[in-house]
Amino acid sequence: MSKPWILVSPASRGIGHALTRHLLRTTTAPILATARSDLSGVRKSILDSNGSDGDRLDSASSRLHITRLDVTQEPTLESAAAEASSLFPQFTHHLHFALTLPGVLLHPEKSPRDVNYHDALETLRINVLGPLLLMKWFGEFLPRRNTDISLEPLFTNSGNEEPAHATWLTTSARVGSTSDNRLGGWYTYRASKAAVTSLTKTFDLHLQMRCRDSAISIAYHPGTVRTGLSKDYWDRVREDRLFTPEYAARRMVDVVRSRKVAEHRGKFWDWKGEEVLP
Ligand SMILES: NC(=O)c1ccc[n+]([C@@H]2O[C@H](COP(=O)([O-])OP(=O)(O)OC[C@H]3O[C@@H](n4cnc5c(N)ncnc54)[C@H](OP(=O)(O)O)[C@@H]3O)[C@@H](O)[C@H]2O)c1
């Protein structure tokens, strides 16, 4: 029986950090979380905020692995994948949830004249090539069509309906929907997130061949979340629509757990579990 593990990348702050804490509390699986720097600081901040119960802290500490990964430096993906391979050999383990979140909104251009080539390229390297390189280096760990996935409950509050398939999630944003674009602006960020929809579908077609129903790929919009990325816009959002990272993490996991292979694979879902059209 193949045992599950979870990838959260990046996890240094924002939604990925809250997600790692949430998954440590609510699952029994080992987690590989990534950060660009200060690995011990990131590890401490994830574990510190994970409750004071001694047994739970021991379990969380032994299940949490932090590795260095910068999506703009491919050798760091290669070495992180090598570390995953030694921690979770493919003959005993499979990647059950890959929750990938690289994304920056550093240059929200209002008009084409605001576009700076180097700034735009930086966004595209992180927001488009980042998720693609994660697929390249970690997609191999997803279960194959004949992988014997363990039926042991992964979540401590598992229901009977828990899906057996693995999920690859790439974090997008609703502004990446072309049909929903009513405001304009944010040229590079919008384009980068539209590209995530395309990557998600293309990768899902690859998984359909390689893994059949054992693994699916989806894109995901977390809502507006109170993180560094959105801080310049907090005052423009209704209080009840500005989510804490903890709430965003819970919603993301709930949506992943409720996706069905045939109906939901290859598409873009929001925090309510509703489809976002391309
Ligand atoms: N917050 C929102 O309202 C919102 C809404 C829609 C979609 N999203 C999407 O959700 C995802 C997570 O956003 P967030 O709000 O959690 O952002 P955040 O708090 O600003 O965190 C950004 C994360 O990206 C990491 N990062 C930056 N450059 C990187 C690189 N070259 N390689 C690897 N990691 C890198 C940062 O690491 P360092 O700590 O090392 O800088 C940090 O962990 C993004 O894809 C974003 O587009 C967010």
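Look a little higher up for the structure.
I will try to describe carefully the structure that is included in this document. (Residues numbered from 1 in each chain as written. Predicted model: local features only at pLDDT ≥ 70, side-chain atom pairs only at ≥ 80, totals over all residues.)

## A look at the overall build of the protein
Here is step 1 of the chain: Looking only at helices and strands, the protein has 8 helices and 9 strands in total.
Here is step 2 of the chain: Along the first, second and third principal axes, the C-alpha atoms of the protein reach 55 × 45 × 40 Å.
Here is step 3 of the chain: If you take every contact in the protein between residues at least 6 apart in sequence, the share linking residues at least 24 apart comes to 72%. (Helix = DSSP H or I, 4+ residues; strand = E, 2+ residues; numbered from the N terminus. Contact = placed C-beta atoms within 7 Å.)

## Quick notes on the site of the ligand
Here is step 1 of the chain: Among the 27 residues in the neighbourhood of the ligand, the closest are listed as Ser12, Gly14, Gly103, Thr227 and Leu229.
Here is step 2 of the chain: Only helix H1 (14-26), helix H5 (117-138) and strand E7 (224-225) provide two or more residues apiece to the shell around the ligand.
Here is step 3 of the chain: It is H1 that contributes the most residues to the shell around the ligand, 3 residues altogether.
Here is step 4 of the chain: Classifying every residue of the shell around the ligand gives 11 nonpolar, 13 polar and 3 charged. (Near = placed C-beta within 6 Å. Nonpolar A, V, L, I, M, F, W, Y, C, P; charged D, E, K, R; others polar.)

## Points about the pairing of strand E4 (residues 93-100)
Here is step 1 of the chain: Judged by how many residues are buried, E4 sits mostly within the fold: 8 of 8 residues are covered.
Here is step 2 of the chain: Two elements, strand E1 (residues 3-9) and E4, share 7 bridges in a ladder whose sense is parallel. Directly across from Val8, in E4, lies its bridge partner Leu99.
Here is step 3 of the chain: In this structure, E4 lies alongside strand E5 (residues 166-171), joined through 4 bridges in parallel fashion. Counterpart to Thr100 in the pairing with E5 is Thr170. (Buried ≥ 20, exposed ≤ 12 C-beta atoms within 10 Å, placed from the backbone. Pairing = 2+ DSSP bridges.)

## Observations regarding the pairing of E1
Regular strands place side chains that alternate from one sheet face to the opposite one.
Here is step 1 of the chain: Burial within E1 is extensive, with 6 of its 7 residues counted as buried.
Here is step 2 of the chain: With 3 bridges joining them, E1 and strand E2 (residues 31-35) adopt parallel strand pairing. Each residue of the ladder has a partner; that of Ile6, found in E2, is Ile31.
Here is step 3 of the chain: Handedness of the crossover is the feature at issue here: the chain leaves E1, passes through H1, returns alongside E2, and the resulting connection is right-handed. (Right-handed = clockwise from strand over helix to strand, strands pointing away.)

## Re the environment of Ser172
Here is step 1 of the chain: Counting through the fold element by element, Ser172 comes out in the loop between E5 and helix H6 (187-210).
Here is step 2 of the chain: In this structure Ser172 comes out as buried when scored by C-beta crowding, with 29 C-beta atoms within 10 Å.
Here is step 3 of the chain: For the pair Ser172 and Val128, spaced 44 residues apart in sequence, the C-alpha separation works out to 10.0 Å.
Here is step 4 of the chain: Apart from the residues within four sequence positions on either side, Ser172 is in contact with Lys193, Val196, Thr197, Ala219, Tyr220, His221 and Phe268.

## Remarks on the nonpolar core
Here is step 1 of the chain: In terms of nonpolar packing, the biggest core is built from 60 residues, with Val8, Leu99 and Phe138 touching the most fellow members.
Here is step 2 of the chain: The residues contacting Leu99, other than those within four sequence positions of it, are Leu7, Val8, Leu19, Leu169 and Met252.
Here is step 3 of the chain: Leu105, Val175, Trp186 and Tyr189 belong to the second-largest nonpolar core, a separate cluster that totals 5 residues. (Core = buried A, V, L, I, M, F, W, Y, C linked by C-beta atoms within 7 Å.)

## Quick look at the environment of Asp119
Here is step 1 of the chain: In this fold, Asp119 is placed in helix H5.
Here is step 2 of the chain: Given 14 C-beta atoms within a 10 Å radius, Asp119 is considered partly exposed.
Here is step 3 of the chain: In this structure the C-alpha to C-alpha distance between Asp119 and Thr188, which are 69 residues apart in sequence, comes to 9.0 Å.

## Side note on H6
Here is step 1 of the chain: Between the first and last C-alpha of H6 there are 35 Å, a value that for 24 residues agrees with the 34 Å anticipated at 1.5 Å per step.
Here is step 2 of the chain: Those residues of H6 not exposed but buried are Thr188, Tyr189, Arg190, Ser192, Lys193, Val196, Thr197, Thr200, Phe203 and Leu207. (Expected span 1.5 Å × (residues − 1).)

## What about the sheet that holds strand E3 (residues 64-68)?
Here is step 1 of the chain: Taken together, 7 strands build an open sheet; the order of strands is E3-E2-E1-E4-E5-E6-E9 and the sheet is parallel. Looking at strand neighbours, the two that pair on one side only are E3 and strand E9 (268-270), the edges of this open sheet. Looking at each pair of strands side by side, their axes are set apart by 30 degrees on average, direction ignored.
Here is step 2 of the chain: Here helix H4 (residues 74-87) sits on the sheet and contacts E2 and E3; the angle it forms with E3, its principal contact strand, is near 155 degrees. (Axes fitted to C-alpha atoms, helices over the stretch in contact; angles between N-to-C directions.)

## Some points on H1
Here is step 1 of the chain: The terminal C-alpha atoms of H1 lie 19 Å apart, and with 13 residues this matches the ideal 18 Å at 1.5 Å per residue to within 8%.
Here is step 2 of the chain: Buried residues dominate H1, accounting for 11 of its 13 residues.
Here is step 3 of the chain: Turning to H1, its buried residues number three or more, namely Gly14, Ile15, Gly16, His17, Ala18, Leu19, Thr20, Arg21, His22, Leu23 and Leu24.

## Some details on the packing of H1 against helix H7 (residues 245-258)
Here is step 1 of the chain: As a packed pair, H1 and H7 sit with axes 8 Å apart at the nearest point and diverge in direction by 65 degrees. The interaxial crossing formed by H1 with H7 has right-handed handedness. Between H1 and H7, the residues in contact are Gly14, Ile15, His17, Ala18, Leu19, His22 and Leu23 and Pro245, Glu246, Ala248, Ala249, Arg250, Met252 and Val253, respectively.
Here is step 2 of the chain: In terms of residue class, the contact of H1 with H7 is made up of 9 nonpolar, 3 polar and 2 charged. (Left-handed = near helix turned anticlockwise from the far one by under 90°.)

## Some details on the environment of Val256
Here is step 1 of the chain: Structurally, Val256 can be placed in helix H7.
Here is step 2 of the chain: Linking Val256 and Thr167, residues 89 residues apart in sequence, is a C-alpha distance of 7.1 Å.
Here is step 3 of the chain: If we skip the residues at most four places from it in the chain, Val256 touches Phe97, Thr167 and Leu169.

On their own, these measurements won't tell you what the molecule is for.
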